[in-house]
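What the coordinates show
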Amino acid sequence: MVIDVEQEKREIINRYRKLLRKAKPILKDGDARQIKKAFTMALEAHKDMRRKSGEPYIFHPLAVAQICVEEIGLGTTSIISALLHDVVEDTDIELSDIERMFGKKVTRIIDGLTKVSGVFEFGTSQQAENFRKMLFTLSEDVRVILIKLADRLHNMRTLESMPRNKQLKVASETIYLYAPLAHRLGLNAIKSELEDLYLRFTDRAVYDSIVRNIDDTRASRNKFIKQFVQPIREELDRHKINYEIKGRPKSIFSIWNKMRKQNIPFEEVYDLFAVRIIIDTPLENEKALCWQVYSIVTDFYTPNPDRLRDWISTPKANGYESLHTTVMAKNGQWVEVQIRTKRMDDIAEKGYAAHWKYKETAAAHESNLEKWLIKVRDTLQQNDHSALDFVNDFRGNLFSEEVFVFTPKGELKTLPYGATALDFAFEIHTQVGSKCIGAKVNNKLVPINYILKNGDQIEILTSQKQKPHEDWLRFVVSSKAKSRIKDVLKEDKKKIAEDGKEILLRKLNQMKIDSSQLIIEQMREYFNAPSHLDLYYRIGKGIITVADIKRFKEYKPKSPLKTRPNIRVADAKTIEQEITKIKGRYEDILLIGEDMDVVDYKLAKCCTPIPGDDVFGFVTVNEGIKIHRTTCPNAAELLANHGNRVVKAKWTSQHEVAFLTGLKVRGTDRVGLINDVSKIISEELKVNMSSMSFFTDSGIFEGEIMLYVHDTRHLEQLINKLEQVEGVVKVSRFDSKSLE
Ligand code: MN
């Protein structure tokens with residue numbers, strides 16, 4: 001490829017000017033000069049670097065800065081930090097250089113961004129550890145996270161030029177951590193785009209088909225919306241209300257989610273779009289006017305009382321405010337209508353930074369997000385569990401919606417949806433949680449695992465004799481309660497283990513056995529304990545008795561010197577070595593479908609991949625390599641958290657071998673139906689079934705068939721044939737959620 005250097009220089013300057021143009025309205029005296037300084041520094045530092053796509057590297061920081069300004073609404077400090085976000089990581093420039101030129105604030109942000117970047121190829125929890133660090137920096141300056149999200153968004157937008165395995169890894173991380181984070185910060189537009197891009201790079205065929213379907217149905221949808229809003233428009237005009245109405249299809253990802261969850265085709269997703277009425281009004285009239293618009297809408301269309309959501313009186317914790325209702329259109333179709341003001345719409349789309357902008361005028365609305373940041377900081381400071389645990393707990397809280405409850409004094413507390421009385425107790429104080437024996441909810445006595453409902457008023461009952469139990473972990477959902485309980489249990493376990501160790505050493509002494517590390521290790525193996533601590537704990541608890549210890553004396557390890565560590569629980573280093581060993585054998589790409597006996601891999605039972613599916617290999621420690629579909633329900637978690645254990649995999653073309661997969665068949669029951677279905681499978685198509693089960697309930701039947709097919713084409717053929725059987729309504733492939 002011939003590079004036109006002059007042309008490239010012009011393009012760089014063009015993009016830089018575009019950035020300045022967008023930033024202009026927010027610039028103060030001297031800002032432009034600082035931005036120029038940052039741009040010059042970045043340009044010089046990255047001058048010999050190119051991105052995978054072949055573009056000059058500087059395009060990337062420029063684009064990230066552009067996203068910060070245009071799509072998140074950030075200011076000068078963030079523009080400078082975004083321009084410089086990769087220089088410390090990738091070039092000779094050091095933090096001290098940045099501090100000299102741009103001061104402390106910018107330096108701290110870049111330091112935060114540098115800590116959280118890097119390639120996480122080694123160690124399973126490295127990724128999680130980095131994520132935790134990022135959240136930690138968030139408590140200092142939330143801009144670190146916002147710029148990181150802008151960085152991720154641009155990387156996702158340009159993912160095309162990356163190799164396939166990198167695409168899968170980056171996309172999975174995105175869906176696993178970054179999209180939920182964007183959601184939690186209220187960055188709705190960015191969240192939706194990240195999700196759509198995830199789908200695009202993990203399941204291109206499905207993505208394209210949904211895009212095509214949205215395009216194909218556009219004209220008729222617009223016509224419907226126009227008719228639907230016509231009477232509303234007239235009435236709003238008559239009341240001289242300033243408004244704008246949008247009818248927009250939902251995101252590709254959310255449509256896909258509906259199709260998948262309800263197992264329905266595109267045509268059957270009924271709420272493909274929502275009608276949004278955005279009104280322009282001063283802050284003090286907001287609430288009244290939104291309800292007035294609601295009343296106008298429901299004058300024309302009957303609302304579904306179960307679907308009314310008032311996030312104006314109690315905004316969501318991510319700052320979202322809006323009034324949602326679902327009404328029946330004249331053609332019998334349900335239509336979701338969202339009513340909000342311009343200010344609310346801005347916050348819903350741009351999130352946190354939009355909050356900033358309205359801070360003076362809407363101080364009260366700010367407080368929810370502030371509260372959330374304080375909570376994050378809190379969680380981070382008291383948590384000393386494995387980073388992986390932490391991320392999982394934290395993610396749990398990202399996804400769930402909240403429940404609003406009150407203390408006896410009427411103070412409002414926000415907890416994740418599904419929180420129990422015990423969560424509430426830990427929310428009040430660790431001591432209250434640890435001593436909790438029950439609660440009074442709205443003056444009625446309830447057990448500690450009572451699930452809180454919106455508006456509950458809770459008084460916690462405690463006893464000095466109470467202490468946390470193992471099964472309490474099943475009763476709580478908040479990360480705070482979980483980690484506090486784990487803390488206490490860990491303390492307890494340690495104490496018992498200390499006692500156990502003492503008992504063991506005494507006993508060995510009596511038996512005249514030398515208490516060397518080797519003996520302890522053999523003992524751990526003999527009793528099948530995952531670790532020495534567990535061995536001591538079991539002895540301390542009396543699970544392993546003195547008599548058991550005596551029996552150990554007879555035990556002769558086969559090769560006393562080779563104390564093979566129990567791999568399942570070995571330390572990270574051993575796992576690492578094991579992985580490198582297995583991966584070494586398939587350095588390039590694992591070819592599947594050749595000879596199953598020779599090559600050490602298995603097809604995962606959770607998603608039953610067959611030739612033609614897009615797949616990857618995952619190195620397990622006990623069972624060699626497992627092949628999963630990239631659309632497997634477990635794929636995102638595996639790829640995001642254990643990227644170093646992923647092996648590229650590809651099917652070889654062969655026709656002899658058959659693969660096990662599962663089909664779900666649904667329809668209306670009739671005599672002889674099951675017979676017809678199994679006849680098609682085994683006689684007409686000569687497919688082997690491994691199992692078949694049918695359930696019928698008041699005329700509806702549902703069957704699950706496990707069978708052997710050659711590839712996806714073969715499977716499609718089979719599905720088509722089965723769908724032609726009289727009574728069969730739907731045939732689809734199924735996954736199981738449990739990871740196998
Ligand atoms: Mn970057």
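Residues numbered from 1 in each chain as written. Predicted model: local features only at pLDDT ≥ 70, side-chain atom pairs only at ≥ 80, totals over all residues. Heavy atoms only, no water.

Side note on helix α21 (residues 479–510)
For α21, spanning 32 residues, the distance from its first C-alpha to its last is 46 Å, which sits close to the expected 46 Å at 1.5 Å a residue. Along α21, the residues that are buried comprise Ser479, Lys480, Ala481, Ser483, Arg484, Ile485, Leu489, Ala497, Gly500, Leu504, Lys507 and Leu508. With its phi angle positive at about 60 degrees, lysine 512 sits one or two positions after the end of α21. (Helix = DSSP H or I, 4+ residues; strand = E, 2+ residues; numbered from the N terminus. Expected span 1.5 Å × (residues − 1). Buried < 20%, exposed > 50% of the residue type's maximum accessible area, 1.4 Å probe, protein only.)

Some points on the packing of helix α9 (residues 164–184) against helix α10 (residues 188–202)
Running from amino to carboxyl end, α9 crosses α10 at an angle of 155 degrees, the nearest separation of the two axes being 9 Å. It follows that α9 is roughly antiparallel to α10 by the angle criterion. Like other packed secondary-structure pairs, α9 and α10 cross with a definite hand, here left-handed. Residues Arg164, Gln167, Leu168, Ala171, Ser172, Thr174, Ile175, Tyr178, Ala179, Ala182 and His183 of α9 form the contact with α10, whose own contacting residues are Ile190, Lys191, Leu194, Glu195, Tyr198, Phe201 and Thr202. Here the residues of the contact of α9 with α10 are counted per class, giving 10 nonpolar, five polar and three charged. (Axes fitted to C-alpha atoms, helices over the stretch in contact; angles between N-to-C directions. Parallel < 35°, antiparallel > 145°, perpendicular 65-115°, else oblique. Left-handed = near helix turned anticlockwise from the far one by under 90°. Contact = heavy atoms within 4.5 Å. Nonpolar A, V, L, I, M, F, W, Y, C, P; charged D, E, K, R; others polar.)

Observations concerning the nonpolar core
Judged by nonpolar contacts, the single largest core of 100 residues is most densely connected at Leu83, Leu84, Phe228 and Ile277. In contact with leucine 83, other than residues within four places in its own chain, are Leu19, Ile35, Ala38, Phe39, Ala42, Pro61, Leu62 and Ala65. Core analysis: the next-biggest nonpolar cluster, separate from the first, contains 31 residues, Ile592, Ala649, Ile681 and Leu707 among them. (Core = buried A, V, L, I, M, F, W, Y, C linked by side-chain atoms within 4.5 Å.)

Some words on the confidence of the model for the chain
Overall, the predicted model of the chain reaches an average pLDDT of 80, with 82% of residues at or above 70. Confidence scores differ between elements of the chain, with helix α17 (residues 363–382) showing the lowest mean pLDDT of 54 and helix α19 (residues 421–428) the highest of 95. Segment residues 360–366: pLDDT under 50, and 11 contacts once partners within four positions in sequence are set aside and those in other chains are kept. (pLDDT = per-residue confidence, 0-100.)

Considering the sheet that holds strand β8 (residues 436–441)
The three strands are arranged β9-β8-β10 in an open sheet whose pairing can be described as antiparallel. If you trace the sheet from one side to the other, it starts and ends with β9 (444–446) and β10 (458–462), each paired once. Ignoring which end each strand starts from, the neighbouring axes of this sheet average 30 degrees apart. Bridge count between β8 and β9: three bridges; the pairing is antiparallel. (Pairing = 2+ DSSP bridges.)

Here we look at the pattern of salt bridges
A pair can form between side chains of opposite charge whenever their charged atoms are brought close. Inspection of the entire model under this criterion finds 30 salt bridges. Between arginine 50 and glutamate 8 there is a salt bridge, and its shortest N-O distance comes to 3.0 Å. Linking arginine 50 in the loop between α2 (31–45) and α3 (59–72) with glutamate 8 in helix α1 (residues 5–23), this pair joins segments that are 42 residues apart in sequence. Arginine 50 gets classed as partly exposed once you look at its relative accessible area, which sits at 40%. Overall, glutamate 8 belongs to the buried group, its relative accessible area being 18%. A salt bridge links arginine 200 to glutamate 160; its shortest N-O distance comes to 2.8 Å. You can see arginine 200 sitting in helix α10 and its partner glutamate 160 sitting in the loop between α8 (143–157) and α9, a full 40 residues away along the chain. (Salt bridge = Lys/Arg side-chain N within 4 Å of Asp/Glu carboxyl O.)

Let's talk about the coordination of the manganese ion
His60 (NE2), His85 (NE2), Asp86 (OD) and Asp151 (OD) make up the full set of protein donors to the manganese ion, lying at 2.2 to 2.6 Å. Spacing between the donor residues of the manganese ion along their common chain follows H-x24-H-D-x64-D. Of the two residues, histidine 85 and aspartate 86, neither departs from the other in class, the shared state being buried. (Donors = N, O, S within 2.8 Å, 3.2 Å for Na, K, Ca; no water.)

Quick look at the pairing of strand β15 (residues 646–651)
Two strands pair when backbone bridges link them, and strand β11 (residues 590–592) and β15 are joined in this way by three bridges, in the parallel orientation. Bridge pairing links isoleucine 592 to tryptophan 651 in β15.

So, the packing of aromatic side chains
Following the criterion strictly, the structure yields 10 aromatic pairs and no others. On the basis of an interplanar angle of 75 degrees and a centroid distance of 6.2 Å, the ring pair of tyrosine 198 and phenylalanine 253 is categorised as edge-to-face. Note that tyrosine 198 is positioned in helix α10 and phenylalanine 253 in helix α13 (residues 252–262), a separation of 55 residues in sequence. For the residue pair tyrosine 198 and phenylalanine 253, the accessibility class agrees, reading buried in each case. Ring geometry for tryptophan 291 against tyrosine 294: centres 5.3 Å apart, planes inclined by 75 degrees, an arrangement best described as edge-to-face. Of this pair, tryptophan 291 and tyrosine 294 are both found in helix α14 (residues 286–300), three residues apart, which corresponds to roughly one turn of the helix. Here tryptophan 291 falls in the partly exposed class, since its relative accessible area comes to 28%. Overall, tyrosine 294 belongs to the buried group, its relative accessible area being 15%. In this structure an aromatic cluster arises from ring pairing among Phe224, Phe228, Phe273 and Tyr301. (Phe/Tyr/Trp six-rings, centres within 6.5 Å; stacked < 30°, edge-to-face > 60°.)

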